Amino acid sequence: MGKTMRHKSPGTLRREVIDFHGHLASIAGRQTQEQEKKNEMHKVIFDTDPGIDDAMALLFLHRHPAIDLIGITTVFGNASVETTTRNALFLKREWGIDAPVAKGLDKTFNPDRPHVGWPTFIHGDDGLGNIDVPETVDLPVDPRPAHRFIIDTVRAHPGEVTLIAVGRMTNLALALREDPDFAALVREVVIMGGAFDVNGNITPAAEANIHGDPEAADVVMAAQWPVTVVGLDVTTKTVMTKAMIADIAERGGEAGKLLADISKFYVTFYEQHVPDGMVVHDSCACAYVVAPELFTVRSGAIRVVCGGIADGQTIQSPDNRLFPPSPWDDLPSQKACIDIDAARTLKLIGDTLVLGG
Ligand SMILES: [Ca+2]
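Overview of the structure. What you see is a predicted model; the values in this text were computed from it and never measured.

Conventions and cut-offs
Residues numbered from 1 in each chain as written. Predicted model: local features only at pLDDT ≥ 70, side-chain atom pairs only at ≥ 80, totals over all residues. Helix = DSSP H or I, 4+ residues; strand = E, 2+ residues; numbered from the N terminus. Buried ≥ 20, exposed ≤ 12 C-beta atoms within 10 Å, placed from the backbone. Axes fitted to C-alpha atoms, helices over the stretch in contact; angles between N-to-C directions. Parallel < 35°, antiparallel > 145°, perpendicular 65-115°, else oblique. Left-handed = near helix turned anticlockwise from the far one by under 90°. Contact = placed C-beta atoms within 7 Å. Nonpolar A, V, L, I, M, F, W, Y, C, P; charged D, E, K, R; others polar. Core = buried A, V, L, I, M, F, W, Y, C linked by C-beta atoms within 7 Å. Pairing = 2+ DSSP bridges.

1. Quick look at the overall build of the protein
Line of reasoning, step 1. A count of helical and extended segments in the protein gives 14 helices and eleven strands.
Line of reasoning, step 2. A burial count over the protein gives 47% of its 357 residues as buried.

2. Observations concerning helix α13 (residues 281-290)
Line of reasoning, step 1. The element α13 is extensively covered by neighbouring structure, given that nine of its ten residues are classed as buried.
Line of reasoning, step 2. Buried residues of α13: His281, Asp282, Ser283, Cys284, Ala285, Cys286, Ala287, Tyr288 and Val289, and no others.

3. Thoughts on the packing of helix α11 (residues 242-251) against helix α12 (residues 253-270)
Line of reasoning, step 1. Here α11 crosses α12 at 155°, and the two axes come no closer than 7 Å. Taken together, the axis directions place α11 and α12 in an arrangement best described as roughly antiparallel. At the point where α11 passes α12, the crossing takes the left-handed sense. Contacts between α11 and α12 pair Lys242, Ile245, Ala246, Ile248, Ala249 and Arg251 from the former with Gly256, Lys257, Leu259, Ala260, Ser263 and Val267 from the latter.
Line of reasoning, step 2. Partitioned by chemical class, the residues of the contact of α11 with α12 number seven nonpolar, two polar and three charged.

4. So, the environment of threonine 73
Line of reasoning, step 1. Structurally, threonine 73 is set in strand β2 (residues 67-74).
Line of reasoning, step 2. The exposure class of threonine 73 is buried, given the 31 C-beta atoms found within 10 Å.
Line of reasoning, step 3. Separated by eleven residues in sequence, threonine 73 and threonine 84 have C-alpha atoms that sit 9.7 Å apart.
Line of reasoning, step 4. Beyond its immediate sequence surroundings of up to four residues, threonine 73 is in contact with Ile45, Asp47, Ala102, Gly104, Ala146, Phe149, Ile150 and Asn171.

5. Let's talk about the packing of helix α3 (residues 52-63) against α13
Line of reasoning, step 1. Contact geometry of α3 with α13 gives a least axis separation of 7 Å together with a crossing angle of 25°. On the basis of their axis angle, the class for α3 and α13 is roughly parallel. Contacts between α3 and α13 involve Asp53, Asp54, Met56, Ala57, Phe60 and Leu61 from the first element and His281, Asp282, Ser283 and Cys286 from the second.
Line of reasoning, step 2. When grouped by side-chain class, the residues that make up the contact of α3 with α13 number five nonpolar, two polar and three charged.

6. What to know about unusual backbone geometry
Line of reasoning, step 1. The step from proline 50 to glycine 51 runs through a cis peptide bond, and the omega angle for that step is -15°.
Line of reasoning, step 2. For asparagine 130, which is not glycine, the phi torsion reads 50° and is therefore positive.
Line of reasoning, step 3. Within the secondary structure, asparagine 130 sits in the loop between α5 (120-123) and α6 (146-156).
Line of reasoning, step 4. Given 14 C-beta atoms within 10 Å, asparagine 130 falls into the partly exposed group.
Line of reasoning, step 5. Backbone geometry places aspartate 330, a non-glycine residue, at a positive phi of 65°.
Line of reasoning, step 6. Turning to its location among the elements, aspartate 330 is positioned in the loop between β10 (314-318) and β11 (334-340).
Line of reasoning, step 7. With 8 C-beta atoms packed within 10 Å, aspartate 330 lands in the exposed category.

7. Considerations on the nonpolar core
Line of reasoning, step 1. One finds Ile164, Val220, Val230, Leu259 and Ala285 to be the most contacted residues of the largest nonpolar core, which totals 97 residues.
Line of reasoning, step 2. Ranked by the residues each element gives to this core, the list is headed by α3, at eight residues.
Line of reasoning, step 3. When neighbours within four sequence positions are excluded, isoleucine 164 is seen to be in contact with Val44, Phe46, Asp47, Val190, Ala285, Cys286 and Val289.

8. Looking at the pairing of β11
Line of reasoning, step 1. Taking burial as the measure, the seven residues of β11 include five buried ones, the bulk of the element.
Line of reasoning, step 2. Bridge count between strand β6 (residues 227-230) and β11: two bridges; the pairing is parallel. Bridge pairing in β11 links threonine 228 to lysine 335.
Line of reasoning, step 3. As paired elements, strand β9 (residues 295-304) and β11 share six bridges and run antiparallel to each other. Looking across to β11, one finds that arginine 298 is bridged to alanine 336.

Now the structure itself:
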């Protein structure tokens, strides 16, 4: 080798040295890219009550290249937990999703809260737009209750797991009560729920996910983990038109067609609220995880009203405002989304839903 090199001209040697350095730089570049890619990947547990907009969000998580969906946990809300779990299994089977499904309990965090009926006029009797979901789906359910599954999975991947909760906050609050220390091991919590500078959608004060279990939501906001709340302030600005849904059916393969079929019922409900299409509440929370730059956030402690006429209202104490001593003091500063680039968010959602279709 040394003998060969002695016979090379200085020009050849210089070129080889440059090539070698280029090779090293390219390996280093590859490693940096891989590292960045790893950093950009989000291990996600999706806590959900499918639910039509939940179904869209689930397909988004399944198809987005930066999301590693490692668990689906179910909660009651859009329908009973029996129905939402069956629906999660149905979508898992239809869309070939690997993540295990763990079923939540069937009671609010405060079990004395009276049960209010399911919103079948929004999501259909089957929770998925009355598309004839089979009574049972022959897939296994994780043996653990949802909140225990969440704790165990976070503890198996400390600092790596993002929790996206798009139903009532019951499972997250139960997990915090069972294992308060696990909160410090969660990377991020992103919630669809609440209404800060706008009216609610189930009462003038409250949004449905929070209203369905206010005590649970108050526990979640007060915990020592980073929470971002994607509420009605931004989701009601994010309306997917019928033409966009048709495009997803066209380009999104069988999964896109099923999603469009499921969404018909919801679009009909939304005719009384928006001129064309549907509000994609739950997908907004998923979009935030991969593209937070599309959202404007405000920081400050968040409390949830529990009881009275404003039951379930979310109220933030902005960090830059001074108040006399109040029940918001000494709580962690969380983020409330107050604005969104709706056009770019819808494009991101639409482009993701058809990936691999
Ligand atoms: Ca939901």
